[in-house]
Amino acid sequence: MRQSETHRRGRARFRAIIGSHLHAAKKHLALAGGCLVGVTLMQLMAPWPLKLILDYILLQKPAPPSLAFLSELYHTWPLTVLAVLATFIAIIAIVSGALSYAQSFVTSKIGHQLVFTLRQHLFAHVQGLSLSFHTQTRSGELLTKLASDTQTLKNAFTDIPLAVSGHIVTFLGMFVIMFAINWELSLIILATMPILVSGLFLLNRKILTTTRAQREQESRIASQLAESLSSISVIQTFGRERIEQDRFKQESTNHLRTGLQTARTTAAVTRVVSIIGAISTATTVFFGAWQVLKARMTPGDLLVFVSYMKNLYSPIKDLSKLSTQFSKATVSADRIADLLGIEPEIHDRPDAIKATHLRGEIRFEQVSFAYLEGCPVLHDLSFQIAPGQRIAIIGPSGSGKSTLVSLLLRLYQPSKGLITLDDRDLAEYERESLRHEIGVVLQDTLLFRASIADNISYGADHAGLDQIMDAAREANAHEFISKLPGGYDTVIAERGSTLSGGQRQRICLARALVKQPSILVLDEPTASLDHQSAAYVREAIARIQANRTTIVITHHLVGMELFDQIFLLDDGRLVEQGTHQELLDRHALYAHLCAQQSNDLTRLRSNTLT
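Residues numbered from 1 in each chain as written. Predicted model: local features only at pLDDT ≥ 70, side-chain atom pairs only at ≥ 80, totals over all residues. Heavy atoms only, no water.

J.: What am I meant to see in the sheet that holds strand 10 (residues 573-578) here?
T.: Strand pairing in a sheet is mediated by backbone hydrogen bonds. Such pairs are either parallel or antiparallel. Ordered in space as 6-7-8-3-9-10, the six strands form an open sheet in which the pairing is mixed. Pairing within the sheet leaves two strands with one partner each, and these edge strands are strand 6 (438-441) and strand 10. Adjacent strand axes in the sheet meet at a mean angle of 15° when their direction is disregarded. Bridging between strand 3 (residues 390-394) and strand 9 (residues 565-570) involves four bridges; their strand directions are parallel. Across the sheet, residue Ala392 finds its bridge partner in strand 9, namely Ile566. Docked against the sheet, helix 18 (residues 501-513) engages strand 6 and strand 7 (519-523), running at close to 175° with respect to strand 6. (Pairing = 2+ DSSP bridges. Helix = DSSP H or I, 4+ residues; strand = E, 2+ residues; numbered from the N terminus. Axes fitted to C-alpha atoms, helices over the stretch in contact; angles between N-to-C directions. Contact = heavy atoms within 4.5 Å.)

J.: For this particular structure, what's the right way to read the packing of aromatic side chains?
T.: Geometry of an aromatic ring pair is reported as the spacing of the ring centres plus the angle between the planes. Throughout the structure, instances matching the rule amount to seven aromatic pairs. Judged by centre distance (5.3 Å) and plane angle (85°), the ring pair of Phe286 and Phe287 falls under edge-to-face. Exposure remark for Phe286: the relative accessible area of 57% places this residue in the exposed category. The interplanar angle of 55° and the centroid separation of 5.3 Å between the aromatic rings of Phe369 and Tyr412 together place this pair among those described as tilted. Here Phe369, found in strand 1 (residues 362-372), pairs with Tyr412, found in the loop between helix 13 (401-408) and strand 4 (416-421); they are 43 residues apart in sequence, far enough to count as distant. An aromatic cluster of three or more residues is present, and its members are Phe364, Phe383 and Phe567. (Phe/Tyr/Trp six-rings, centres within 6.5 Å; stacked < 30°, edge-to-face > 60°. Buried < 20%, exposed > 50% of the residue type's maximum accessible area, 1.4 Å probe, protein only.)

J.: What is the right way to look at the pairing of strand 1 in this model?
T.: Two faces, one strand: in a regular strand the side chains alternate between the faces of the sheet. Two elements, strand 1 and strand 2 (residues 375-385), share seven bridges in a ladder whose sense is antiparallel. When the sheet's bridge partners are listed, Phe364 is paired in strand 2 with Phe383. Connecting strand 1 to the antiparallel partner strand 2 that follows it, the hairpin turn spans two residues, and Gly374 within it adopts a positive phi of roughly 90°.

J.: Honestly, the nonpolar core in this entry has me stumped. Any pointers?
T.: General note: in soluble globular proteins, nonpolar side chains tend to be found buried as a group. The biggest cluster of nonpolar side chains holds 38 residues, and the ones touching the most others in it are Ile456, Ile481, Tyr488, Met560, Ile566 and Tyr590. Only strand 3, helix 15 (452-456), helix 16 (465-474), helix 17 (478-482), helix 18, strand 7, strand 9 and helix 21 (589-609) provide two or more residues apiece to this core. With six residues, the top contributor of residues to this core is helix 18. In this structure, Ile566 is in contact with Ala392, Ile394, Met560, Glu576, Gln577, Gly578, Thr579, His580, Leu583 and Tyr590, ignoring residues within four places of it in sequence. (Core = buried A, V, L, I, M, F, W, Y, C linked by side-chain atoms within 4.5 Å.)

J.: Which parts of the structure should I look at to understand the side chain of Gln565?
T.: Inspection of the secondary structure assignment puts Gln565 in strand 9. Among the polar contacts made by the side chain of Gln565, one reaches the side chain of Gln577 at a distance of 3.4 Å. (Polar contact = N/O pair within 3.5 Å; in protein donor to acceptor, adjacent residues only side chain to side chain.)

J.: Would you mind going over the environment of Gln384 with me for this structure?
T.: Among the secondary structure elements, Gln384 is positioned in strand 2. Judged by relative accessible area, which is 41%, Gln384 ranks as partly exposed. Taking the C-alpha atoms as reference, Gln384 lies 4.4 Å from Arg363; in sequence the two are 21 residues apart. Excluding residues within four positions of it along the chain, Gln384 makes contact with Glu361, Ile362, Arg363, Gln389 and Phe567.

J.: Please clarify how the environment of Gly502 should be interpreted in this entry.
T.: Position of Gly502 relative to the elements: it lies in helix 18. A residue is classified by how much of its surface remains accessible, and Gly502, at 3% relative accessible area, is buried. Spatially, the C-alpha atoms of Gly502 and Thr445 are 9.6 Å apart, while their sequence positions differ by 57 residues.

J.: Would you explain unusual backbone geometry in this entry?
T.: A negative phi angle characterises most non-glycine residues, just as the trans form characterises most peptide bonds. A positive phi angle, close to 45°, is found at Asp380, a residue other than glycine. By the element assignment, Asp380 lies in strand 2. Backbone geometry at Asn476 places phi at a positive 60°, although glycine is not the residue there. As for its position among the elements, Asn476 is in the loop between helix 16 and helix 17.

J.: Looking at this model, I keep getting lost on the pairing of strand 10. Mind explaining?
T.: Two strands pair when backbone bridges link them, and strand 9 and strand 10 are joined in this way by five bridges, in the antiparallel orientation. Following the sheet pairing, Asp570 is matched in strand 10 by Arg573. If you look at the hairpin formed by strand 9 and strand 10, you'll find two residues sitting between the two strands, and Asp571 has a positive phi there, around 55°.

J.: So what exactly am I meant to see when it comes to a nonpolar patch on the surface here?
T.: Judged by side-chain polarity, Val84, Phe88, Ile91 and Val95 come together as a nonpolar surface patch covering roughly 310 Å² of accessible area. With respect to the element layout, Val84 can be found in helix 5 (residues 78-128). The exposure class of Val84 is partly exposed, given its relative accessible area of 41%. (Patch = residues over 30% accessible without salt bridge, like charges linked within 9 Å, V, L, I, M, F, W, Y side chains within 5 Å. Areas by Shrake-Rupley, 256 points an atom, 1.4 Å probe, with all protein chains shown as cover. Salt bridge = Lys/Arg side-chain N within 4 Å of Asp/Glu carboxyl O.)

J.: Got a minute to help me understand empty space enclosed by the protein in this structure?
T.: A water-sized probe, rolled over the atoms, reveals where empty space remains. Throughout the structure, instances matching the rule amount to one cavity of 30 Å³ or more. Roughly 70 Å³ of volume is contained in the largest cavity. Taken together, Ile362, Phe364, Phe383, Ile385, Ile393, Leu404, Val405, Leu408, Val521 and Ile551 make up the lining of the largest cavity. The leading source of residues in the lining of the largest cavity is helix 13, at three residues. When the residues that make up the lining of the largest cavity are grouped by side-chain class, the tally is ten nonpolar, no polar and no charged. (1 Å grid on protein atoms, 1.4 Å probe; cavity = no way out; pocket = protein on both sides within 12 Å on 5 of 7 lines; lining within 4 Å. Points joined across faces, edges and corners; volume = space filled by probe spheres on them. Nonpolar A, V, L, I, M, F, W, Y, C, P; charged D, E, K, R; others polar.)

J.: For this particular structure, what's the right way to read the pattern of salt bridges?
T.: A side chain of one charge can pair with a side chain of the opposite charge if their charged atoms are brought near each other. Taken as a whole, this structure holds 18 salt bridges when the rule is applied. A salt bridge links Asp423 to Arg363, with the shortest nitrogen-to-oxygen separation between them at 3.6 Å. Taken as a pair, Asp423 in the loop between strand 4 and strand 5 (424-425) and Arg363 in strand 1 lie far apart in primary sequence, 60 residues in all. Lys416 serves as the salt-bridge partner of Asp380, at 2.8 Å between the closest nitrogen and oxygen. You can see Asp380 sitting in strand 2 and its partner Lys416 sitting in strand 4, a full 36 residues away along the chain. Of the residues examined, Lys416 reaches a relative accessible area of 46% and is grouped as partly exposed. Sharing partners across several salt bridges, the network here consists of Arg359, Glu361, Arg363, Glu365 and Asp423.

J.: For this particular structure, what's the right way to read the packing of helix 3 (residues 48-58) against helix 5?
T.: Helix-helix packing: each pair is described by the crossing angle between the helix axes and the interaxial distance. The contact between helix 3 and helix 5 brings their axes to 9 Å, and the two run at 160°. Considering the angle they form, helix 3 stands roughly antiparallel to helix 5. In the packing of helix 3 onto helix 5, the handedness of the crossing is left-handed. Note on element contacts: helix 5 touches helix 3 through Pro78, Val81, Leu82, Leu85, Phe88, Ile89 and Ile92, opposite Pro49, Leu50, Leu52, Ile53 and Ile57. A per-class count over the contact of helix 3 with helix 5 returns twelve nonpolar, no polar and no charged. (Parallel < 35°, antiparallel > 145°, perpendicular 65-115°, else oblique. Left-handed = near helix turned anticlockwise from the far one by under 90°.)

Taken by themselves, the reported measurements are silent on function.
Here it is, written out as structure tokens:
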């Protein structure tokens, strides 16, 4: 039930986007439609100069009463009339080509603008979706929808409607003229239509099914590629290249099989039209020639009839190809609608206020949270952080430390309980302004392929070079940045792979500081660093903690005496709270962890010396 509601909501949003775009492009659509009418008229006129030449100049047949005024011209100046009619053939071709060019350009322009508009809406929608959606969705699937599915729709909502309209008008116009020329021959063509339509309907249903499977497999391939390429160091480290290649080969084989099935069915559609058209043409030519011999129609009439008949099946053949494109577009539209129908779990309230100049007083009141229903990560968590306090949150892996950061940033919503900031419910703040007031340094040092200055100012576009350099100095990063060939203009590789771990961490720290946040959150800032790099980072942290609430999440119990309060989590519960000395004096879990880490460090040094 919920899934169908999501799909309906997504289709409504999708139609609104398309409708708004097409309304804005109505002048261009009208121009394309006018060009289409002109092209259709040129196609209807194309065989008539040849008929006049064949019947009244070459065969010297008497002109009908409607063309009696031209009879003298045919006999007196035949070469002049022949030249004029030949010129008309060229003019019709030139005008038809010019109109086709204009129509093609205008519809392509509308299509590309549609892709642009749709991608902007989709990208904004995806960025607004909750983090839980992104953690459960394959990135390759999103890439396919944003890049490939939107491109597939380009023709469906511009070229296809106009082309279908043009083909229908051409078909009806030609058939009416053919019926006027010879209704008996027209009935032969009419008799083939039920067979043709039935065959195309069955084949197109099969194309729609295989196309849907093909798009799903493309998403799986894109997901596997994204996963493999982002994890290439792990794959090579563990020697899993052959295994990953086999996985990719299997997915590619499935896609190849479905693609060939779609291609086979699409080719069958074209062949069905061609075969039925050939049989119909042969039958019509036979009976038409017989009627010419009986003087019931002129050779020129038969020429027009056969010319129309050839062009009559071309629109049907084109329509069958367009139906294949339309099937693909239908699948893509459904996939995009499903994405647009997903609602973010966290919204800004209509009366939400901007978070500015926060004091940094944080309170958790009986907060519980679960990523998956029935598997709680936090249990009735309650604590208070005073403005300007330095807090360490420690505990074993999986105890819920990093989850606290996600809840504080409103990346997730608590399953139960209340989180307040400066005596206000966290939900009362606008998310964007709230996140601007909280500087975060994650354990995973994510950097972009851009200059160091751009990476540092990522969260504060207004920051000038002086502010960027000040933030780098606070983070102990200015010295090594200045020694780089390009200084702050040095472009780093994707994910910062051209820098050391300590350098990346300090740039991330500068990125958090350049915003001048009221609250600073550091999630395992020294977890993967060597002793010297960790010392640089700890020195920077000690300096920047002044006058702002600072939360450090760590499992390394180094420098704990510098913190005002230490929160010890275990299995999602706050089991101990106090200063370093207070917790040691209790001789409970914290004291045990400190002793254990001290013994481990002593053993490690002993083994190193040995």
